[in-house]
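Coordinate analysis (summary)
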Amino acid sequence: MRAIWKGAVSFGLVSIGVKVYSATEEKDIRFHQVHREDGGRIRYKRTCSVCGEEVTYDDIAKGYDIGGGEMVILTDEDFAELPLTTSHAIDVLEFVPAEQVDPILYNKAYFLEPEGSATKPYVLLRDALADSERVAIVKVALRQREQLATLRVREGVLLLNTMLWPDEVRQPDFGFLDEDLKVRPPELAMASSLIDSMAGEFEPDAFTDDYRAALQEVIDAKVEGREVVQPEEEEAAPAAAVDLMAALKASVDRARAARGEAPEGGAGEPTPISAARSAQKAAKATKAPAKKAAEKKAPGKKAPAKKAAEKKAEPAKKTAAKKTAAKKAPAKKAAEKKAAPRKTA
């Protein structure tokens, strides 16, 4: 890792030299914009909208639009004169219980490493902070901007979490918040039972970014020139539940079944969902024996009929053969008489 900032943690009269490192990194697969026909990279030029000339980074300043087509231009000197406490200090303001800090305020995380001979005071602050079960509220200036942050311990290292200012958090303005919705106690109890049935210990390593893995598979397939295998389609999501209690109970039973546990309350009364499934299973079970019985009876009926037809056909064939033979006999004798030679005197 490469340090992005150096400074000191000001802890009362104690100053602890530290290096700051980014604690997180994005794992997104990055793409370049290219020309579809030849794969050439797409480049963008920085041009001025007034004179049309291409502008270098050295000639670019920050401008604030005050409306009416007017712009206030700020230079690096203007930013340098801002009333920041110092650009290389992490000032501890107070120590507060960790649960009092709303997680929505957290922004980015940074590791702090002791620098030089600051290891012992660093460890002292770390251990004292861990024993107090509190987090330090600090102010720090990163990238020319003063930010509110917390300082806490994670895996033996001081972790700096920059925070949003309270006025940067939006307030939810949704219509349903003004509606007088009543939740029945049985529904709340069933929902709580569902939560209990799905309770567990959070293990981040158990979760993976399936989208990134699938995207990498597509890229690898393109590189290797092989066909991309389409994944199987997932089952369609169930329709919206009409009976909330039935849906909650079915969800609880399914979660318990996945864990190998018996449904809540034993067999209990069937829900509309379970009753429908039982009816389908019963219908299948009834059709199977009936089908087998029909198959057994069908060959038994056909066999005698076939044999009877064969028996009837045999006498008929014999009778027809006799008649044909009787007709052929006189004709044969007549032919023999004509063919016999005549005696001469």
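Residues numbered from 1 in each chain as written. Predicted model: local features only at pLDDT ≥ 70, side-chain atom pairs only at ≥ 80, totals over all residues. Heavy atoms only, no water.

1. Quick notes on the overall build of the protein chain
Let me state the cut-off plainly: In this description a helix means any DSSP run of H or I spanning at least four residues, a strand means any run of E spanning at least two, and both kinds are numbered starting from the N terminus. Burial classification: accessible surface area is computed with a 1.4 Å probe over protein chains only, and a residue below 20% of its type maximum counts as buried, one above 50% as exposed, and the rest as partly exposed. Contacts are residue-level and defined by heavy atoms, with any inter-residue pair within 4.5 Å sufficient. Note on areas: Shrake-Rupley, 1.4 Å probe, and residue coverage restricted to the protein chains presented here.
When you go through the protein chain residue by residue, the secondary structure sums to six helices and nine strands. Across the 345 residues that make up the protein chain, the buried fraction comes to 16%. For the protein chain, the proportion of contacts with a sequence separation of at least 24, taken over those separated by at least 6, is 59%. In the form shown here, the protein chain has an accessible surface area of approximately 28700 Å², with 55% of it arising from carbon and sulfur atoms.

2. What about the packing of helix H3 (residues 185–197) against helix H5 (residues 244–258)?
If you want to describe how two helices pack, look at the angle between their axes and the distance between the axes. Definition in use: As a rule, the C-alpha atoms of each element are fitted with a line to give its axis, helices using only the stretch in contact, and angles between N-to-C directions run from 0 to 180 degrees. The scheme is simple: roughly parallel for angles under 35 degrees, roughly antiparallel for over 145, roughly perpendicular for 65 to 115, oblique for anything else. Note: crossing handedness is left-handed where the near helix turns anticlockwise from the far helix by less than a right angle, and right-handed where it turns clockwise.
Where H3 meets H5, the closest approach of the two axes is 9 Å, and the angle between their N-to-C directions is 20 degrees. One element, H3, and the other, H5, form an angle in the roughly parallel class. In the crossing of H3 with H5, the sense of the turn from one axis to the other is left-handed. On H5, the residues touching Pro186, Glu187, Met190, Ala191, Ser193, Leu194 and Ser197 of H3 are Leu244, Met245, Leu248, Lys249, Ser251, Val252, Ala255 and Arg256.

3. Details of the nonpolar core
We apply this condition: Remark: nonpolar core denotes a set of buried residues (Ala, Val, Leu, Ile, Met, Phe, Trp, Tyr, Cys) joined through side-chain atoms within 4.5 Å.
Formed by 21 residues in total, the largest nonpolar core has its most connected members in Val9, Ile90, Leu112, Val138, Leu151 and Leu160. Looking at this core, the elements with two or more residues in it are strand S1 (5–11), strand S2 (14–22), strand S5 (89–97), strand S6 (106–114), helix H2 (119–132), strand S7 (134–142), strand S8 (145–154) and strand S9 (157–163). Here the element with the most residues in this core is S7; it accounts for four residues. Leave out the neighbours within four places in its chain, and Leu160 touches Ile90, Lys108, Ala109, Tyr110, Leu112, Val138, Val140, Ala149, Thr150 and Leu151. Grouped together as the second largest cluster of nonpolar side chains are seven residues, Val101, Val135, Ile137 and Leu148 included.

4. Digging into the pairing of S8
Put simply, the rule reads: For two strands to count as paired, DSSP must find a minimum of two bridges between them.
Note that S7 and S8 share seven bridges and pair antiparallel. When the bridges of S8 are listed, Lys139 appears paired with Leu148. In the sheet, S8 pairs with S9 via seven bridges, with the strands oriented antiparallel. Its bridge partner being in S9, Ala149 is matched across the sheet by Thr162. Counted between consecutive antiparallel strands, the loop separating S8 from S9 contains two residues, among which Glu155 sits at a positive phi close to 50 degrees.

5. Overview of the packing of aromatic side chains
What counts here: To pair, rings of Phe, Tyr and Trp, with the six-membered ring standing in for Trp, must have centres within 6.5 Å; the planes then decide the type, stacked if under 30 degrees apart, edge-to-face if over 60, and tilted in the middle. Only lysine NZ and arginine CZ atoms are considered, and such an atom sits over a ring when it is within 6 Å of the ring centre and within 35 degrees of the ring normal.
A complete count under the given rule lists two aromatic pairs for this structure. Arranged with centres 6.3 Å apart and planes meeting at 10 degrees, the rings of Phe174 and Phe176 form a pair that is stacked. On the basis of relative accessible area, Phe174 is assigned to the partly exposed category, the value being 48%. Looking at Phe176, the relative accessible area reads 47%, which means it is partly exposed. Lying over the aromatic face of Tyr57, Arg46 brings its terminal NZ or CZ to 4.0 Å of the ring centre.

6. A closer look at the side chain of Asn161
For clarity, the threshold we go by: Here a polar contact means two N or O atoms within 3.5 Å. Within protein one must be a hydrogen donor candidate and the other an acceptor candidate, and residues neighboring in sequence count only if both atoms are side-chain atoms.
For Asn161, the location among the structural elements is in strand S9. There is a polar contact of 3.3 Å between the side chain of Asn161 and the side chain of Arg152.

7. Examining the confidence of the model for the protein chain
Which entries qualify depends on this criterion: A residue's pLDDT is the predictor's confidence in that residue, given on a scale from 0 to 100.
Averaged over every residue, the pLDDT of the protein chain is 77; the share at 70 or more is 69%. Confidence drops under pLDDT 50 across residues 323–328; counting only partners more than four residues distant or on other chains, this segment forms zero contacts.

8. Quick look at the state of the cysteines
Spelled out, the test is: The criterion for a disulfide is a pair of cysteine sulfur atoms lying within 2.5 Å.
Under the defined criterion, the tally for this structure stands at zero disulfides. Residue Cys48 stays outside any disulfide, its sulfur separated by 3.8 Å from that of Cys51, the closest cysteine. Judged by its relative accessible area of 27%, Cys48 is partly exposed. You can call Cys51 exposed: its relative accessible area is 51%.

9. A look at the pattern of salt bridges
To be explicit about the condition: Take a side-chain nitrogen of Lys or Arg and a carboxyl oxygen of Asp or Glu: if they are within 4 Å of each other, that pair is a salt bridge.
Under the definition given, this model contains nine salt bridges. Across the salt bridge formed by Lys27 and Glu25, the nearest N and O atoms sit 3.4 Å from each other. We classify Lys27 as partly exposed; its relative accessible area is 48%.

10. Brief notes about a negative patch on the surface
Here is the rule we go by: Distance thresholds for patches are 9 Å for like charges and 5 Å for nonpolar side chains (Val, Leu, Ile, Met, Phe, Trp, Tyr), applied to residues having over 30% relative accessible area and no salt bridge. Neither His nor the chain ends contribute to the count of charged residues, in which Lys and Arg are positive and Asp and Glu negative. Taken as the charge centre is NZ of Lys, CZ of Arg, CG of Asp or CD of Glu, depending on the residue.
On the surface, a cluster of negative charge is made up of Asp76, Glu77, Asp78 and Glu81. Note that Glu81 resides in the loop between helix H1 (76–80) and S5. For Glu81, a relative accessible area of 65% gives the class exposed.

11. What about the sheet that holds S1?
Taken in spatial order, the seven strands line up as S1-S2-S6-S9-S8-S7-S5 and close into a barrel, and their pairing is mixed. With direction set aside, neighbouring strand axes in the sheet form an average angle of 40 degrees.

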